[in-house]
Amino acid sequence: MTQEYAPAQPEQILTSTANDSKPVNRRFSTAPMMDWSDSNCRYFWRQLTKHAVLYSEMVTTGALIHGNRERFLAYDDVEHPLALQLGGSNPADLAQCARFAQDWGYDEVNLNVGCPSDRVQNNMIGACLMGHGDLVADCIKSMQDATDIDVTIKHRIGIDDLDTYEHMRDFVGKIATTGCKTFIVHARKAILQGLSPKENREVPPLKYDFVYRLKQEFPDLEIIINGGITNHDQITEMLTHVDGVMLGREAYHNPAVLLDVDTRYYNEGSISEEDADKAALIRSLYPYIEAQLSKGATLHHISRHTLGLFNGQPGARMYRRHLSENAHRKDAGIEVMEQALALMGYN
């Protein structure tokens, strides 16, 4: 190996520190994505953007109240600004979990009213709640009463036959009476029966105009748009209509898109995608990787989130293949990352 790197430093895992950070600037954020936006992923993303708001995977209230809380809530301090997304519909349980979010130092706690999977529907979680506005309002109010951090909501534009603009407007209006100010809107309705979660991210048509109109009718609310967004030109145009943009699958599959975020949306100089030394970005992860390996993780837990960083570059396929074939090994370490970089010509 020719590249030298610093030894691992002690992790900065927050465990029970009340949040006293600055107000959250949601002009650009990354979406909560099951199995993807875990702490390892967010640590990697934070090497690409310092200011984007990062959202956790959805965590159910039952998992936090009855399960291994540290497993779901632990994170590295560099991940701030950071939001915890909750799944649930019991106001008391959500209040308790909102307190957990504050105690663990999260900057925001968000209620999931968008996930369409059968499993969460059966537990009255996710998109099905768009048909129960009074209950959602009770949930949001209970969360607000329990915490001092921002309580926000992420929802669809509708579900099944409850898919008119007027239904979404009335739903948002009811939630807004609680004092909730931030609404993250996935600009597709959810079809609760007959479509898989993947199909629900692709089949129902995008209706950005619903979200734009919502901002016009509720100018005092912070309206964040989500769904089908793939590039900065698209984002720039959207920001003429709404307050912020949330990027999901594109951020995961093509993480280099995050390299321009700080310059474009936070007026701060940063490296551009064209100028980035992506090998150096990967190597900046090495101390973190070593710390995680020492705790029993495998390299795959971190490396899988980097697979799309080199998309479009010569050797990118070999990079992905080498990591996919070797990072699962229990003895895989930094040398596997170096081998993958070498296949792309980085020495």
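Our structure's up above, just so we're on the same page.
This report concerns the structure included in the present document. These figures come from a predicted structure and were not determined experimentally. (Residues numbered from 1 in each chain as written. Predicted model: local features only at pLDDT ≥ 70, side-chain atom pairs only at ≥ 80, totals over all residues. Heavy atoms only, no water.)

Let's talk about helix H14 (residues 286–294)
Those residues of H14 that sit buried are Tyr286, Tyr288, Ile289, Ala291 and Gln292. Tucked inside the fold, the buried residues of H14 contact helix H1 (39–46), helix H13 (278–283), helix H15 (300–303) and helix H17 (334–342). Downstream of H14 by one or two residues, glycine 296 has phi in the positive range, about 105 degrees. (Buried < 20%, exposed > 50% of the residue type's maximum accessible area, 1.4 Å probe, protein only. Helix = DSSP H or I, 4+ residues; strand = E, 2+ residues; numbered from the N terminus. Contact = heavy atoms within 4.5 Å.)

Describing the packing of H14 against H17
Relative orientation of the contacting elements H14 and H17 amounts to 140 degrees, with a least axis distance of 10 Å. What the angle tells us is that H14 and H17 run oblique. Note on element contacts: H17 touches H14 through Ile334, Met337, Glu338 and Leu341, opposite Tyr286, Ile289 and Glu290. Along the lines of polarity and charge, the residues of the contact of H14 with H17 split into five nonpolar, no polar and two charged. (Axes fitted to C-alpha atoms, helices over the stretch in contact; angles between N-to-C directions. Parallel < 35°, antiparallel > 145°, perpendicular 65-115°, else oblique. Nonpolar A, V, L, I, M, F, W, Y, C, P; charged D, E, K, R; others polar.)

Quick word on the pattern of salt bridges
The tally for this structure, following the rule as stated, stands at 16 salt bridges. Its salt-bridge partner being arginine 283, residue glutamate 338 comes within 2.8 Å of it at the nearest N-O pair. With glutamate 338 in helix H17 and arginine 283 in helix H13, the pair connects residues that are 55 residues apart, well separated along the chain. As far as the burial class goes, glutamate 338 and arginine 283 line up, both buried. Close ionic contact of glutamate 325 with arginine 321 constitutes a salt bridge, the shortest N to O distance being 3.0 Å. Taken together, the positions of glutamate 325 and arginine 321, both in helix H16 (residues 316–326) and four residues apart, correspond to about one turn of that helix. According to the relative accessible area criterion, arginine 321 is exposed, its value standing at 55%. Among the charged side chains, a salt-bridge network with shared partners connects Arg26, Glu108, Asp150 and Glu222. (Salt bridge = Lys/Arg side-chain N within 4 Å of Asp/Glu carboxyl O.)

Digging into the packing of aromatic side chains
Inspection of the entire model under this criterion finds seven aromatic pairs. With 4.4 Å between their ring centres and 10 degrees between their planes, tryptophan 36 and tyrosine 252 make a pair best called stacked. One end of the pair, tryptophan 36, is in the loop between strand S1 (28–30) and H1; the other, tyrosine 252, is in helix H11 (residues 249–253), and 216 residues separate them in sequence. An angle of 85 degrees between the planes, with centres 5.8 Å apart, marks the rings of tyrosine 165 and phenylalanine 210 as edge-to-face. In this pair, tyrosine 165 sits in helix H7 (residues 165–176) while phenylalanine 210 sits in helix H9 (residues 208–217), placing the two residues 45 residues apart along the sequence. Looking at tyrosine 165, the relative accessible area reads 3%, which means it is buried. (Phe/Tyr/Trp six-rings, centres within 6.5 Å; stacked < 30°, edge-to-face > 60°.)

Quick notes on the pairing of strand S2 (residues 53–60)
With six of eight residues buried, S2 is to be regarded as a mostly interior element. Sheet topology places S1 next to S2; two bridges connect them, and they run parallel. Opposite serine 29, over in S2, you have valine 53 as the bridge partner. In this region the chain leaves S1, passes through H1 and returns to the parallel neighbour S2; the handedness of that crossover is right-handed. Bridge analysis of S2 against strand S3 (residues 82–87) gives five bridges, and the strand direction is parallel. From the neighbouring strand, valine 59 faces S3, where its bridge partner is leucine 86. (Pairing = 2+ DSSP bridges. Right-handed = clockwise from strand over helix to strand, strands pointing away.)

A closer look at the state of the cysteines
The term disulfide refers to a covalent linkage connecting the sulfur atoms of a pair of cysteines. Applying the stated criterion across every chain yields a total of zero disulfides. Of all cysteine sulfurs in the structure, the one in cysteine 139 sits closest to cysteine 97, which takes part in no disulfide; the separation is 11 Å. Of the residues examined, cysteine 97 reaches a relative accessible area of 0% and is grouped as buried. No disulfide involves cysteine 128; its sulfur sits 9.3 Å from the nearest other cysteine sulfur, which is in cysteine 115. (Disulfide = S-S within 2.5 Å.)

Observations concerning H9
Since one α-helical turn is 3.6 residues long, residues separated by three or four positions face the same way. Taken residue by residue, H9 has Tyr208, Phe210, Val211, Tyr212, Leu214 and Lys215 as its buried positions. On its buried face, H9 is in contact with H7, strand S6 (182–186), strand S7 (222–226) and helix H10 (232–238).

So, the nonpolar core
Counting residues in each nonpolar core, the largest one holds 108 residues, and the members touching the most others are Phe28, Trp45, Val136, Phe183, Ile225, Ile282 and Tyr319. In contact with valine 136, other than residues within four places in its own chain, are Leu111, Val113, Leu129, Ile153, Phe171 and Ile175. (Core = buried A, V, L, I, M, F, W, Y, C linked by side-chain atoms within 4.5 Å.)

As for the environment of alanine 146
Structurally, the position occupied by alanine 146 is in helix H6 (residues 133–146). Exposure remark for alanine 146: the relative accessible area of 18% places this residue in the buried category. Taking the C-alpha atoms as reference points, alanine 146 and isoleucine 302, 156 residues apart in sequence, are found 34 Å from one another. Look past the residues within four positions of alanine 146 in its chain and what remains in contact with it is Ala95 and Arg99.

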